[in-house]
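Fold and geometry: a report
Single-letter residue listing:
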Amino acid sequence: MAGAALQRAGTARQLGLSRRDRDVSLADLSRGWLAAAQARPGLQAQAFAAVDALRDRALLAAFAWWIERGAAARSSSLVELLAARREGEWGTAAQARSPALLQRHAVALAGLRDEGTMWAELLSPVGADLDGARALLHGPGEALLLTTWAGQTLWAQLVMFDPDQDRLLSLGSSATIAPLLSRAQAALRDLQDPCDLSPLSAVLLEPLWSELEACERVLVVADGPLALLPFEALPMPGGPLPGRPWAERCRISYGTSGQRLIDLQQRVAQPSATREGGLHINQAGRFSDGVEPALLSRLRPRF
């Protein structure tokens, strides 16, 4: 057990994903980008790509244990890239690294890209282009909702078919939201619990409901503790069916990042299937009129 933990930590350090990086630096970077974009709308496209790349870096941290357990051995380019990142000077600022080391790293990264695997994307994420993410939407009735657990603050980005309707806002302190989420997750595990998700809906949906109410399909990219929340079970804060599960009026799809959803759209051969994004939850036709929100999360696996 201890040996496996040390292996995971070692790999994370090689990839530039130490515990401090994961828990502090990535959150601080996300919060900084989002706050800057809120203050200066001209930065929204840059912030969108930067925060999306940080989502993929967090995803890479989760894969670090897998790399150490043998996946790297199957790719000489990946082995070489990890070896370059083990060099002491790799931990310094980029401008302080030697040209030889930078060239060695670039060659290994190019080799990974030539292999056509996802390792290059995971090890050097660039983040989704805002226009590319908007292209996932096929009409005014669709939206992309991204939530970012940025340290002490929870942020929401709403990308609409009409760029003038985009929203970027803070949803409040994560310290306030965390206990609501913890109680909801505990209730969702108990089939006998009535599971009142309205407090979470008031935080997550209500501030954006003027845009979301008319949507028939929403792609959700949620990171941090929100990644396993069944958004489709959140009660609607308004409209003709207030208090009923969101899934009764809207198809909810999931992805781990904007770039992953774009990649999926490009790789799926059938055009009709690309519209599904990640895992999707059907609208009311799939459920009886009396379905309870507490049951919705148990009708499917998340990932």
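Up top is the structure.
Anyway, here's the lowdown on the structure attached to this text. Note that the coordinates shown come from a computational prediction; the quantities given were computed from them, not determined experimentally. Within every chain, residues take consecutive numbers counted from 1 along the sequence as written. Thresholds applied to this predicted model are a pLDDT of at least 70 for local features of residues and 80 or more for the giving and counting of side-chain atom pairs; totals over whole chains, interfaces and linings are not thresholded and use all residues. Note that water and hydrogens are dropped before the side-chain values are worked out from all heavy atoms of the structure.

A separate point is the overall build of the chain. By definition, any uninterrupted DSSP run of H or I lasting at least four residues is a helix, any uninterrupted run of E lasting at least two residues is a strand, and each is numbered from the N terminus. From N to C terminus, the chain includes 13 helices and 6 strands. Relative accessibility under 20% of the residue-type maximum defines a buried residue, over 50% an exposed one, and the middle range a partly exposed one, all with a 1.4 Å probe and only protein chains included. Relative to its full complement of 303 residues, the chain shows a buried share of 47%. Between two residues, a contact is recorded if the distance between any of their heavy atoms is within 4.5 Å. The long-range fraction of contacts in the chain, counting pairs at least 24 apart against all pairs at least 6 apart in sequence, stands at 67%. Surface exposure here means Shrake-Rupley accessible area, sampled with a 1.4 Å probe, where a residue is shielded only by the protein chains that are shown. When the accessible area of the chain is evaluated, it comes to approximately 14,700 Å², of which 54% is carbon and sulfur surface.

Next up on the list: the pairing of strand 2 (residues 153–160). Taking burial as the measure, the 8 residues of strand 2 include 8 buried ones, the bulk of the element. Side chains Thr-153, Trp-155, Gln-157 and Val-159 project from strand 2 onto one buried face, and the interleaved Leu-154, Ala-156, Leu-158 and Met-160 project onto a second face that is buried too. When DSSP locates at least two bridges between a pair of strands, those strands are taken to pair. Examined bridge by bridge, strand 1 (residues 142–150) and strand 2 share 8 bridges and lie antiparallel to one another. What sits directly across from Trp-149, in strand 2, is Leu-154.

Next up on the list: the pattern of salt bridges. The term salt bridge refers to a pairing of a side-chain nitrogen on Lys or Arg with a carboxyl oxygen on Asp or Glu at a separation within 4 Å. Tallied over the entire structure, the rule returns 7 salt bridges. Two residues, Asp-28 and Arg-31, come together in a salt bridge whose shortest N-O distance is 2.4 Å. Taken together, the residues span about one helical turn, with Asp-28 and Arg-31 both in helix 2 (residues 19–39) at a distance of 3 residues. Overall, Asp-28 belongs to the partly exposed group, its relative accessible area being 36%. Of the residues examined, Arg-31 reaches a relative accessible area of 25% and is grouped as partly exposed.

Turning to its location among the elements, Arg-183 is positioned in helix 8 (residues 174–188). In this structure the C-alpha to C-alpha distance between Arg-183 and Leu-197, which are 14 residues apart in sequence, comes to 9.2 Å.

On to the nonpolar core, then. Across soluble globular proteins, nonpolar side chains have a tendency to be buried as a group. Among buried residues, those of type Ala, Val, Leu, Ile, Met, Phe, Trp, Tyr and Cys that are joined through side-chain atoms within 4.5 Å constitute a nonpolar core. Among the nonpolar cores identified, the biggest contains 38 residues, and Leu-200, Leu-204, Val-218, Phe-231 and Trp-246 are the most heavily contacted of them. Contributing elements (two or more residues each) for this core: strand 1, strand 2, strand 3 (167–173), helix 8, helix 9 (198–204), helix 10 (209–212), strand 4 (217–222) and strand 5 (251–254). Residue contributions to this core peak at 6 residues, all from helix 8. For Leu-204, the residues in contact, after removing those within four places along its chain, are Leu-154, Leu-171, Leu-226, Leu-229, Phe-231 and Leu-234. Leu-144, Val-159, Leu-219 and Val-221 belong to the second-largest nonpolar core, a separate cluster that totals 13 residues.

Counting along an α-helix, one turn takes 3.6 residues, and residues three or four places apart therefore face a common direction. If you check helix 8, its first and last C-alpha atoms are 20 Å apart, about what 15 residues at 1.5 Å a residue would give, namely 21 Å. Turning to helix 8, its buried residues are Ser-174, Ile-177, Leu-180, Leu-181, Ala-184, Ala-187 and Leu-188. For helix 8, the angular spread of buried residues about the axis comes to 145°, placing them on one side. Exposed side of helix 8, more than 90 degrees from the buried face: Ala-175 and Arg-183 are the residues found there. A helix's residues, less one, multiplied by 1.5 Å, set its expected span. This arc describes the spread of directions from the helix axis toward the C-beta atoms.

In this analysis, the protein atoms alone were mapped onto a 1 Å grid. Cavities are point sets where a 1.4 Å probe fits without being able to get out; pockets are open sets with protein on both sides within 12 Å along at least five of seven lines; lining residues have an atom within 4 Å of a point. Grid points are joined across faces, edges and corners, and a volume is the space filled by probe spheres set on the points. All told, the structure shown has 2 cavities of 30 Å³ or more when counted by the stated rule. Of the voids in this model, the largest cavity is the one considered here, and its volume is about 70 Å³. Secondary-structure elements contributing two or more residues to the lining of the largest cavity are helix 3 (44–68), strand 2 and strand 3. The element that contributes the greatest number of residues to the lining of the largest cavity is strand 2, accounting for 3 residues. Following the grouping adopted for this structure description, the nonpolar residues are Ala, Val, Leu, Ile, Met, Phe, Trp, Tyr, Cys and Pro, the charged ones are Asp, Glu, Lys and Arg, and the polar ones are all others, Gly among them. The residue inventory of the lining of the largest cavity, partitioned by class, reads 5 nonpolar, 2 polar and 2 charged.

Turning to the packing of helix 4 (residues 76–86) against helix 5 (residues 99–115), a few remarks are in order. Interaxial angles span 0 to 180 degrees and are taken between N-to-C directions of axes, which are lines fitted to C-alpha atoms, for helices over the stretch in contact. It is the contact of helix 4 with helix 5, at a shortest axis distance of 8 Å, that shows an interaxial angle of 155°. When the interaxial angle is binned, helix 4 and helix 5 end up roughly antiparallel. Crossing handedness for the pair helix 4 and helix 5: left-handed. Two secondary-structure elements touch here, helix 4 through Ser-76, Ser-77, Leu-78, Glu-80, Leu-81, Ala-83, Ala-84 and Arg-85 and helix 5 through Leu-101, Arg-104, His-105, Ala-108, Leu-109, Gly-111, Leu-112 and Glu-115. Taken together, the residues of the contact of helix 4 with helix 5 sort by class into 8 nonpolar, 4 polar and 4 charged. An angle below 35 degrees is read as roughly parallel, one above 145 as roughly antiparallel, one from 65 to 115 as roughly perpendicular, and any other as oblique. It is the rotation of the near helix from the far one that decides the hand of a crossing: anticlockwise by less than a right angle makes it left-handed, clockwise makes it right-handed.

Turning to the environment of Leu-261, a few remarks are in order. For Leu-261, the position within the fold is in helix 11 (residues 258–267). For Leu-261, a relative accessible area of 3% corresponds to the buried category. Separated by 125 residues in the primary sequence, Leu-261 and Leu-136 place their C-alpha atoms 8.0 Å from one another.

The topology assignment puts Asp-223 in the loop between strand 4 and strand 5. Buried charged residue Asp-223 carries no salt bridge. Nearest counter-charge: Arg-55, at 4.1 Å. Whenever two N or O atoms come within 3.5 Å, that pair is a polar contact, provided that in protein one can donate a hydrogen and the other can accept it, and provided that, for residues adjacent in sequence, both atoms are side-chain atoms. A distance of 2.8 Å separates a polar side-chain atom of Asp-223 from the backbone nitrogen of Trp-149. Discounting chain neighbours no more than four positions away, the residues touching Asp-223 are Arg-55, Thr-147, Thr-148 and Trp-149. Positive residues here are Lys and Arg, negative ones are Asp and Glu, while His and the chain termini are left out of the count.

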